[in-house]
Amino acid sequence: MLVIENLHAEVEGEPILRGLNLEVGTGEVHAIMGPNGSGKSTLSYILSGKEDYDITQGSITYKGDNLFDMSIDERAAAGIFLAFQYPIEIPGVAAMTFLKTALNAQRITRGEDELTTPAFMKLVKEKTAALNIRPEMLRRSINVGFSGGEKKRFEILQMALLEPSLCILDETDSGLDIDALQLVAEGVNRLRSPERSMIVITHYQRLLNHIIPDRVHVLSAGKVVRSGGKELAMELEKNGYAEYEDQKINAA
Amino acid sequence: MTAAEKTLIDQFGEARENLPGNGEAWMDDARSSAIRTFEKNGLPHRRLERWKYTDLRAMLGQIPAPATGTPVSDLPDHDGINAHTAFASIERYHGVFVNGYFQPQLSNLEDIEGVEIVNLRGNFNNFPDWVKAGLGNTSVFEGNAVLALNTAFAADGIALRIKAGATIDKPIHLDYVTTGDEAATISVRNLIIVEKGAQATLVETFTGPRDVAYVVNAATQITVEEGARFTRIKVQDEGLDAFHLANMQITAGENTRCHDLTLTLGARVSRNEVNVGFSGENADVTIAGASMLAGKQHGDTTLCITHSLPSSNSRQEFKTVLDDYARGIFQGCVIVKPHAQKTDGRQMTQALLLSPNAEMDAKPELEIYADDVECAHGATAGDLDEEYLFYLRARGIPEAKAKALLVAAFVAEPLEKIEHEGLREGLFQLTNAWFDRRKGEA
Ligand SMILES: Nc1ncnc2c1ncn2[C@@H]1O[C@H](COP(=O)(O)OP(=O)(O)O)[C@@H](O)[C@H]1O
Ligand SMILES: [Mg+2]
C-alpha cells in the first residue's frame with residue numbers, strides 16, 4: 001500500500017524529517033508514537049499533499065505510484081485520508097454541502113456516477129447514527145460551534161463516508177473523554193478491512209487498547225528509531241519517551 | 001462643460017416634451033429644477049469626496065440616447081422575455097420593465113390586495129397626492145447629479161403604496177430587462193410608501209445584453225411609516241459593458257424594520273448609492289450587500305445613514321469578492337446628529353481578493369455629534385485562506401471547486417439573514433454559480 005524510503009523534508013531550510021523509512025502493507029494497522037515535535041503531523045501532512053514542505057530526498061510510493069506526482073485532491077480521490085489533529089472551522093460552508101461535494105468529487109475523479117441526493121442522505125443518516133452525531137450538526141458550517149469531541153467525530157464521519165484505502169489518524173484521541181474515545185475507536189474499527197490500511201498516530205498508548213495495531217513505530221527527531229509489535233506501545237507507556245528525547249538531542 | 005455634459009443637456013431639450021407629465025406644472029418644475037442642478041454641477045468627478053473613486057466625468061465618455069419604448073407588438077410574451085431567472089420559480093407579483101418602460105401585458109401587478117399602484121406613464125393630472133408629493137420633492141437631488149438626471153429624464157416607473165396594516169403575501173418583483181444591441185440610456189423612477197404597520201418585500205433585478213454599453217439610471221424613493229416592516233432585495237446583474245447608476249433613499253419611521261440587500265454581479269461600472277434618514281425613533285435599519293466582480297469591473301457602493309433622531313439601530317454589512325483587475329469601492333458613513341442619543345450604528349466591510357491585480361478601496365466614516373451612542377466600524381481585506389483550501393482539497397474537492405465553495409461562503413453571511421426562503425435560495429444560487437460563470441464572461 002505505502003512505501004516511504006529515506007524521506008527528508010524541511011521547512012524554510014530547517015530539517016524536520018531526516019531519513020524516515022516506513023512500509024505499510026494492505027490491510028495493516030500501524031501505530032506511530034513519539035514525543036511532541038518528532039515530526040508525526042509533518043509526516044501526515046506530507047502524505048496528504050500539503051505544500052508547506054520541501055522534500056529534499058527520498059520517495060513515497062502509494063499503490064505502486066509516485067505519490068509526489070499527485071495533487072492534494074487526486075491523492076484523496078485515490079484513497080488517502082487524513083483525520084486532522086486540529087480540524088479547522090470553515091464559516092459559510094455547510095457541513096452537509098461539504099460532505100456531498102467531497103463524496104461526489106471523488107466519485108467523478110474515479111469515473112463513477114454521482115450519488116443522488118436521496119442516496120446520499122440515506123448514507124449520511126446511517127453513518128451519523130453509528131457515530132452518535134446529531135443530523136442538525138451537519139446544517140452548521142464545517143466545525144463551527146462544534147465541541148472538541150464533535151470535531152473529531154466529524155473527521156471520522158468523513159472517513160466513514162469517503163471509505164478511503166489509507167486512513168491516517170493524527171492524534172484523534174487527544175482531548176477526548178473515555179466515552180468519546182470509545183465511539184471514535186468503534187468507528188475506526190468498523191472500517192478495518194483486508195483492503196484498507198491505517199496509520200494511527202498517537203502520543204498515548206490508551207487509543208491502542210481499542211484499536212489494536214499490527215505494528216508500532218517510534219518516531220524521534222524525524223525518523224523511525226524503533227519498530228515492534230503492539231507490546232512496544234505498552235513499553236512506551238511504562239517508560240515514557242525520555243530515552244527517545246535524548247536521541248533527538250544527539251541528532252540535533 | 002464636457003462634450004458628454006453638453007450632450008445630456010441637448011438630449012433633455014429634445015426628450016422633454018415626450019416625457020410623462022409634460023405640461024403638468026408640478027412635474028415641469030421638478031424636471032426644470034433638476035436639469036438646472038445638473039447644468040450647474042455637471043457629471044460627478046473625483047474632486048468630489050463622494051465620487052473620489054468613481055470619476056463619472058472621465059468614465060462616461062459616450063452618452064447613449066434616451067431609450068424609446070419598444071412597440072408592444074415587437075415584444076416577446078411573458079415566458080419569452082429574458083427576465084431574471086433566479087427567482088423565476090418563486091410565488092411573486094411580477095412587474096416587467098423593458099428598456100425602462102413598464103409592460104403591463106407582461107406583468108401581474110394588477111389587483112394586489114392592500115397595494116395601490118400608479119404607473120408613471122399613466123394619467124398625470126389624476127395622480128394622487130402621495131405620488132405628486134414624492135415625485136415633486138426636488139430636495140432629494142441636492143448635490144446628487146445622477147439623481148438630478150434621473151428626475152429630469154425619468155421616462156417611466158411605478159409608484160406603490162402598501163396600505164396601512166396590509167401584509168403583502170408574496171414578494172413584489174420589479175424586473176428590469178434591457179434588450180437590443182443598440183446602446184440607450186434608461187431612466188426609471190420608483191416611489192414606494194409602506195404605510196403604518198404594513199409589511200412588504202420588494203425585489204428588484206436588473207439584466208441586459210453583454211457587449212452593449214447601455215446606461216441604467218435607476219432611482220427608488222422609499223418611505224416606511226410607523227411600525228412597518230420593509231425588505232428590499234436588489235440583484236444587479238447587468239451586461240458586462242453597461243453602466244448602472246442607482247440611488248435609493250429610505251426614510252424610516254418610528255418602530256420600523258427595514259432590511260435592504262444588494263447583490264452586485266454585473267455592469268462594467270456600477271454605483272449603488274443608498275441614503276437613509278429617520279422620521280421616528282426606535283427604527284432598525286440594515287443595509288447589506290455582496291459584490292462579486294471580475295475582469296475590469298468597477299463596483300462602487302456608497303452609503304450614508306444619518307441618525308437625526310434618538311434610539312435607532314443601523315447596520316451596514318458588506319462583502320466584496322474581487323478577481324482579475326476588478327475594483328471594489330465601499331464608502332460608508334454613519335452620521336449621528338447631536339440629539340440622536342442611544343443610537344447604535346455598526347458598519348462592517350470585508351473584501352476577498354482573488355488576484356494580486358484586484359483593488360479594494362474601503363472608506364468608512366463615522367461622524368458622531370452625540371455622546372451617548374454606540375458606534376463601531378471595521379474593514380478587512382485578504383486573500384483566500386490556504387488552510388481552508390487545503391482542508392477541502394484533502395477531502396478530494398478539486399481546487400477550482402474548493403475555491404468556488406469558499407468564495408460563496410465568504411459572501412454567505414448577509415444572504416443568510418434574508419427570511420424568505422425562496423429568495424434566499426435564489427441569491428445563493430447566484431453566488432454559488434459566480435465562480436464558474438465569471439470565467440466564461442469576464
Ligand atoms: N509549517 C512549519 N513551519 C515551521 N516549523 C514547522 C512546521 N511544521 C512543523 N514544524 C516543526 O517541525 C517539528 C515537528 O512538528 P510536528 O510534525 O508537528 O510534530 P509532532 O506532530 O510529532 O508533534 C516541530 O519542531 C515543529 O515546530
Ligand atoms: Mg502533531
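Residues numbered from 1 in each chain as written. Chains lettered and ligands numbered in written order. Predicted model: local features only at pLDDT ≥ 70, side-chain atom pairs only at ≥ 80, totals over all residues. Heavy atoms only, no water.

Comments concerning the confidence of the model for chain B
Then comes step 1: In the predicted model, chain B carries a mean pLDDT of 93, and 96% of its residues have values of at least 70.
Then comes step 2: Predicted as a complex, the structure gets a pTM of 0.92 and an ipTM equal to 0.95. (pLDDT = per-residue confidence, 0-100.)

Considerations on the state of the cysteines
All names here are of chain B.
Then comes step 1: Per the stated rule, a full pass over the model turns up 1 disulfide over all chains.
Then comes step 2: The disulfide bridge from Cys304 ends at Cys333, spanning 2.2 Å between sulfur atoms. On the sign convention where negative means left-handed, the S-S torsion of about -55° between Cys304 and Cys333 marks this disulfide as left-handed. Taken together, the residues span a long stretch of sequence, with Cys304 in strand S14 (residues 298–307) and Cys333 in strand S16 (residues 327–336) at a distance of 29 residues. Here the two residues Cys304 and Cys333 agree in accessibility, since each one is buried.
Then comes step 3: Cysteine Cys375 remains unbridged, with the sulfur of Cys333 as its closest cysteine sulfur at 11 Å.
Then comes step 4: Take Cys375: its relative accessible area is 22%, and that puts it in the partly exposed class. (Disulfide = S-S within 2.5 Å. Helix = DSSP H or I, 4+ residues; strand = E, 2+ residues; numbered from the N terminus. Buried < 20%, exposed > 50% of the residue type's maximum accessible area, 1.4 Å probe, protein only.)

Focus on the coordination of the magnesium ion (ligand 2)
Residue and element names in this part refer to chain A.
Then comes step 1: The protein atoms that coordinate the magnesium ion (ligand 2) are Ser41 (OG) and Gln85 (OE1), at distances spanning 2.1 to 2.3 Å. Taken together, the residues span a long stretch of sequence, with Ser41 in helix H1 (residues 40–48) and Gln85 in the loop between strand S6 (80–83) and strand S7 (90–94) at a distance of 44 residues.
Then comes step 2: Gln85 sits in the buried class, given a relative accessible area of 11%. (Donors = N, O, S within 2.8 Å, 3.2 Å for Na, K, Ca; no water.)

What about the interface of chain B and chain A?
Then comes step 1: With 17 residues of chain B at the interface, the matching set in chain A holds 33 residues.
Then comes step 2: Of the roughly 2000 Å² buried between chain B and chain A on both sides combined, carbon and sulfur atoms contribute 69%.
Then comes step 3: Interface area lost by chain B to chain A is led by Phe390, Tyr391 and Arg395 of chain B, which between them contribute 41%.
Then comes step 4: Linking chain B with chain A are 3 salt bridges.
Then comes step 5: Of the charged contacts in the structure, one is a salt bridge between Arg393 of chain B and Asp73 of chain A, with a shortest N-O distance of 2.8 Å.
Then comes step 6: Viewed at the interface, chain A and chain B are joined by 8 residue pairs in polar contact (both at pLDDT 80 or more).
Then comes step 7: Contributions of two or more residues to the side of chain B that touches chain A are made by helix H6 (386–393) and helix H7 (399–410) of chain B.
Then comes step 8: For the side of chain B that touches chain A, the element with the highest residue contribution is H6 of chain B, accounting for 6 residues.
Then comes step 9: Here the residues of the side of chain B that touches chain A are counted per class, giving 11 nonpolar, 1 polar and 5 charged. (Contact = heavy atoms within 4.5 Å. Buried area = accessible area lost by both parts, 1.4 Å probe. Salt bridge = Lys/Arg side-chain N within 4 Å of Asp/Glu carboxyl O. Polar contact = N/O pair within 3.5 Å; in protein donor to acceptor, adjacent residues only side chain to side chain. Nonpolar A, V, L, I, M, F, W, Y, C, P; charged D, E, K, R; others polar.)

Concerning the site of ligand 1
All names here are of chain A.
Then comes step 1: Surveying the vicinity of ligand 1 reveals the residues Val11, Ile16, Pro35, Asn36, Gly37, Ser38, Gly39, Lys40, Ser41, Thr42 and Tyr53.
Then comes step 2: Within the backbone of Ser38, a nitrogen or oxygen atom sits 3.2 Å from an oxygen atom of ligand 1.
Then comes step 3: The separation between an oxygen atom of ligand 1 and a polar main-chain atom of Ser41 is 2.9 Å.
Then comes step 4: In the complex, 59% of the free accessible area of ligand 1, which totals 560 Å², lies under the protein chains.
Then comes step 5: Take the shell around ligand 1: its biggest share by element is 3 residues, from H1.
Then comes step 6: For the shell around ligand 1, the per-class residue count stands at 4 nonpolar, 6 polar and 1 charged. (Near = heavy atom within 4 Å. Areas by Shrake-Rupley, 256 points an atom, 1.4 Å probe, with all protein chains shown as cover.)

Remarks on the layout of surface pockets
Then comes step 1: Taken as a whole, the largest pocket spans an internal volume of roughly 540 Å³.
Then comes step 2: What lines the largest pocket is a set of 20 residues, among which Gly92, Ala94 and Thr97 of chain A together with Phe428 and Asn432 of chain B lie closest to the centre.
Then comes step 3: Those elements that place two or more of their residues in the lining of the largest pocket are S7 and helix H3 (95–109) of chain A together with H7, helix H8 (412–416) and helix H9 (421–441) of chain B.
Then comes step 4: Its residues assigned to classes, the lining of the largest pocket shows 8 nonpolar, 5 polar and 7 charged.
Then comes step 5: Of the pockets and cavities examined, the second largest pocket occupies roughly 460 Å³. (1 Å grid on protein atoms, 1.4 Å probe; cavity = no way out; pocket = protein on both sides within 12 Å on 5 of 7 lines; lining within 4 Å. Points joined across faces, edges and corners; volume = space filled by probe spheres on them.)

Overview of the domain arrangement of chain B
Often the size quoted for an interface is simply the accessible area lost on bringing the parts together.
Residue and element names in this part refer to chain B.
Then comes step 1: Looking at the assigned domains, one finds that chain B contains domain 1 (3–280) and domain 2 (384–442).
Then comes step 2: On a C-alpha basis, the centroid separation for the pair domain 1 and domain 2 is 30 Å.
Then comes step 3: Contact with domain 1, which involves 18 residues of that partner, is made by 18 residues of domain 2.
Then comes step 4: Taken over both partners, the interface formed by domain 1 and domain 2 buries close to 1400 Å², and the fraction arising from carbon and sulfur atoms is 75%.
Then comes step 5: Remark: the boundary between domain 1 and domain 2 carries 2 salt bridges.
Then comes step 6: Linking Arg437 and Asp237 is a salt bridge whose minimum nitrogen-to-oxygen distance equals 2.8 Å.
Then comes step 7: Counting the contacts that link domain 1 with domain 2 gives 1 residue pair in polar contact (both at pLDDT 80 or more).
Then comes step 8: Elements represented by at least two residues in the side of domain 1 that touches domain 2 include exactly strand S7 (199–207), strand S9 (229–237) and strand S11 (257–264).
Then comes step 9: Of the residues that constitute the side of domain 1 that touches domain 2, the class distribution is 11 nonpolar, 3 polar and 4 charged. (Domains from an automatic or database assignment.)

Some details on the environment of Phe428 of chain B
Residue and element names in this part refer to chain B.
Then comes step 1: Following the sequence through the fold, Phe428 ends up in helix H9.
Then comes step 2: The exposure class of Phe428 is buried, given its relative accessible area of 16%.
Then comes step 3: Spatially, the C-alpha atoms of Phe428 and Arg16 are 42 Å apart, while their sequence positions differ by 412 residues.
Then comes step 4: When sequence neighbours within four positions are dropped, the list of residues in contact with Phe428 reads Ala412, Leu415 and Glu416.

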